[in-house]
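# Coordinate analysis (summary)
One-letter residues, chain by chain:
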Amino acid sequence: MSQQAVGNTPRGGAVWALVITSVAGFMAALDNLVVTTALPSIREDLGGALHDLEWTVSAYTLTFAVLLMFGAALGDRFGRRKLFLVGLTIFTGASAAAALAPGIDSLIAARAVQGVGAAVMMPLTLTLLTAAVPAAKRGMAYGIWGAVNGLAVASGPLIGGSLTEHISWQWIFWLNVPLGVALLPLARLRLAESYGTGAPLDIPGTLLASGGLFGIVYGLVRGPADGWTDYLVLTSLFAGTALLAGFVIYSTRAKNPMLPMRLFRSRAFSGINAASLLMFLGMFGSIFLLSQYMQGVLGYSPTEAGLRMLPWTGMPMLVAPIAGILSDRIGGRPVVATGLFFQAAGLAYLAAVITTDASYTVQLPGLIISGIGMALFFAPASNLVMSSVRSSEQGIASGANNALREVGGALGIAIMGSIFAAQGGYETGQTFVDGLRPALMTGAAVVALAGVAALLIPTRRSARVAVGAATGEPAAALEHVG
């Protein structure tokens, strides 16, 4: 079966698709970090050791990252709208279960199921949006979608802290329920069904990729707490790496692989995925530590800290749509690369100026520069991913890119958390700053490396030729590459 939509796209389908996919993406992205500022309140209500509390965050990240590519493959095979509705239903129901959880174990289980729903739903948001929006307007649509998703990732600690501080921690989960209930009928009525290649599911590839991602993400999640020399951590990392290596070897030989390795022959596909992984590594780790710095060292409440980070976290809402329009006109590569270098400069500036009593005025330039950089990255990056492959493979391309972003985020928290612990700690404000500075400099260097990777992406015309060579389609048949 081809990728084409089944039936006519509903009137106003592009606008409805943008609204539905942006809100769904917001819900899935928000739940990455929304729990972090609520952990003390959760522990007070439900009990549990530090290990248990960490799993309320990690259980979601783990299932989300591991099942993203499988969720995209299911959508391609059985219908993207149908699987989007399934994922949204699972996510909404699990959110209600998390809010009603009577104990820490049931909360962790609900968070794991939430991750399953998000893994099915999230990669299909981008594929459904691409199918509904004309090629000439996709840059702007991706800009808005990217702005909403970027805002969700960055504002998770603010929203979680504000709801916990002023209502209760359960509302960080109840928030998803009315949104999900409202989206379900809208998605059923306003989104057109579409399919991928129609190839059978790649069961061996799915098992190898899911097992490999599970091992690596589990090891990264547990490393900072259990120690990098812990037997289970090392076993998970080595086994995960071996399984992913097996997945690559298998996929080069399989007839219908879940992720065709030939896609990586495209410099556009390889470059934007490398840039995405490195960007999320530097950004997630930085937000994770800076939100703690503002509360633990400068003494702000969760709400106050979140509001003061708005020049960074809120900037995508203003700049990302403009970035999308620019990518339509001049191509995605220069916009993405500029954004990454801005983000790196902002992190380096913050690393240079933070002290135990740094004024907000001193921090503000770094927050603004970082916000502009993040906004310039999100929209064109999505455009580059989707335009670097042929239309029938956009679902799995979206799933692979989202999986790499999630792994990058987990890797960022693990690496930067380890650097922080090695150079400083939580004992005093000064020890916190001593650990935060080298961690932020590491984040800046990694994001700058992402900018270099983005520069390796070919220009618009050469990208069309490269994708044609990699996929077997003539360059003239490829829409809006670059």
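With that settled, the discussion passes to the overall build of the protein chain. Of the regular secondary structure elements, the protein chain holds 19 helices and 0 strands. Buried residues in the protein chain amount to 59% of all 482 residues. Of the contacts made within the protein chain by residues no fewer than 6 positions apart, 83% connect residues no fewer than 24 positions apart. Accessible area for the protein chain stands at about 17,500 Å²; split by element, carbon and sulfur atoms hold 68% of it.

With that settled, the discussion passes to the nonpolar core. Of all hydrophobic cores here, the largest spans 134 residues; its most connected members are M69, F84, L107, M283, Y293, W312 and L340. Counting residues per element, this core draws most heavily on helix α11 (residues 267-296), which supplies 15 residues. Once residues within four sequence positions are removed from consideration, L340 is found in contact with A275, M279, G373, F377, V447, A450, G451 and A454.

Before going further, it helps to examine the packing of aromatic side chains. Per the stated rule, a full pass over the model turns up 5 aromatic pairs. Note on W169 and F173: the rings are 6.3 Å apart at their centroids and 85° apart in plane angle, and the pair reads as edge-to-face. Residue W169 shares its accessibility class with F173, and that shared class is buried. The residue whose ring lies beneath R308 is Y300, and the NZ or CZ to ring-centre distance is 4.2 Å.

On to helix α8 (residues 176-190), then. Here α8 spans 20 Å end to end across 15 residues, near enough to the 21 Å set by a 1.5 Å rise per residue. For α8, the set of buried residues is N176, V177, G180, L183 and A187. In this fold, the buried residues of α8 make contact with α1 (13-30), α4 (80-99), α5 (104-132) and α7 (171-174).

Structurally, Q114 can be placed in helix α5. Residue Q114 is classed as buried on the basis of its relative accessible area of 0%. When residues no more than four places from it in sequence are discounted, the contact partners of Q114 are D31, Y60, F91, A94, S95, F173 and N176.

Looking now at α11. Compared with the 44 Å implied by 1.5 Å per residue over 30 residues, the 43 Å span of α11 between its first and last C-alpha is a close match. α11 sits mainly inside the fold: 22 of its 30 residues count as buried.

What follows deals with a nonpolar patch on the surface. On the surface, a nonpolar cluster with roughly 340 Å² of combined accessible area is contributed by F341, L449, V452 and L455. The element contributing the most residues to the nonpolar patch is helix α18 (residues 429-455), with 3 residues. Structurally, the position occupied by F341 is in helix α15 (residues 332-353).

A few words on the packing of α11 against α18. Two numbers describe how α11 lies on α18: the axes approach to 8 Å, and their chain directions differ by 160°. Our classification of the angle between α11 and α18 gives roughly antiparallel. Considering the relative orientation of α11 and α18, their crossing is left-handed. Of α18, the residues touching α11 (which contributes G271, A274, A275, L278, M279, L281, G282, S286, L289, L290, Q292 and Y293) are F432, V433, L436, A439, L440, G443, V446, V447, L449, A450, A453 and A454.

Let us now look at the confidence of the model for the protein chain. Here the protein chain shows a mean pLDDT of 79. Residues at 70 or above account for 86%. pLDDT under 50 marks residues 1-11. Its contacts with residues more than four places away, or in other chains, come to 28 contacts. Per-residue pLDDT stays below 50 along residues 461-482; that stretch engages in 40 contacts with residues further than four places along the chain or on separate chains.

Reading the values: the criteria
In every chain, residue numbers begin from 1 and rise along the written sequence. Only residues with pLDDT of 70 or above have their local features reported here, since the model is predicted, and side-chain atom pairs are shown and tallied only from 80 upward, although totals for entire chains, interfaces and linings are computed over all residues. As a rule here, side-chain values cover all heavy atoms of the structure and leave hydrogens and water aside. In this text, helices come from DSSP runs of H or I with a minimum length of four residues, and strands from runs of E with a minimum of two, each type numbered from the N-terminal end. Exposed residues in this analysis have more than 50% of their type's maximum accessible area, buried residues have under 20%, and partly exposed residues fall in between, with area computed by a 1.4 Å probe over protein chains only. When checking whether two residues touch, look at their non-hydrogen atoms; a contact exists if any pair is within 4.5 Å. Calculation of accessible area relied on Shrake-Rupley with a 1.4 Å probe; when residues are assessed, cover is drawn exclusively from the protein chains displayed. In this description, a nonpolar core means a group of buried Ala, Val, Leu, Ile, Met, Phe, Trp, Tyr and Cys residues linked to one another through side-chain atoms lying within 4.5 Å. Between 30 and 60 degrees the pair is tilted, below 30 it is stacked and above 60 it is edge-to-face, where a pair is any two Phe, Tyr or Trp rings, Trp via its six-membered ring, whose centres lie within 6.5 Å. Two limits define a charge over a ring: the Lys NZ or Arg CZ must be within 6 Å of the ring centre, and within 35 degrees of the ring normal. In a helix, the anticipated span is given by 1.5 Å times the number of residues less one. For patch detection, residues must exceed 30% relative accessible area and be free of salt bridges, and they are connected within 9 Å for like charges or within 5 Å for nonpolar side chains (Val, Leu, Ile, Met, Phe, Trp, Tyr). Note on definitions: salt bridges are taken to be side-chain nitrogens of Lys or Arg within 4 Å of carboxyl oxygens of Asp or Glu. Lines are fitted to the C-alpha atoms to define the axes, a helix being fitted only along its stretch in contact, and any angle between axes, read from their N-to-C directions, falls within 0 to 180 degrees. Angle categories are assigned with fixed cut-offs, so that under 35 degrees is roughly parallel, over 145 is roughly antiparallel, 65 to 115 is roughly perpendicular, and the rest are oblique. Note on convention: the crossing is left-handed when the near helix lies turned anticlockwise from the far helix by less than a right angle, right-handed when the turn is clockwise. A residue's pLDDT is the predictor's confidence in that residue, given on a scale from 0 to 100.

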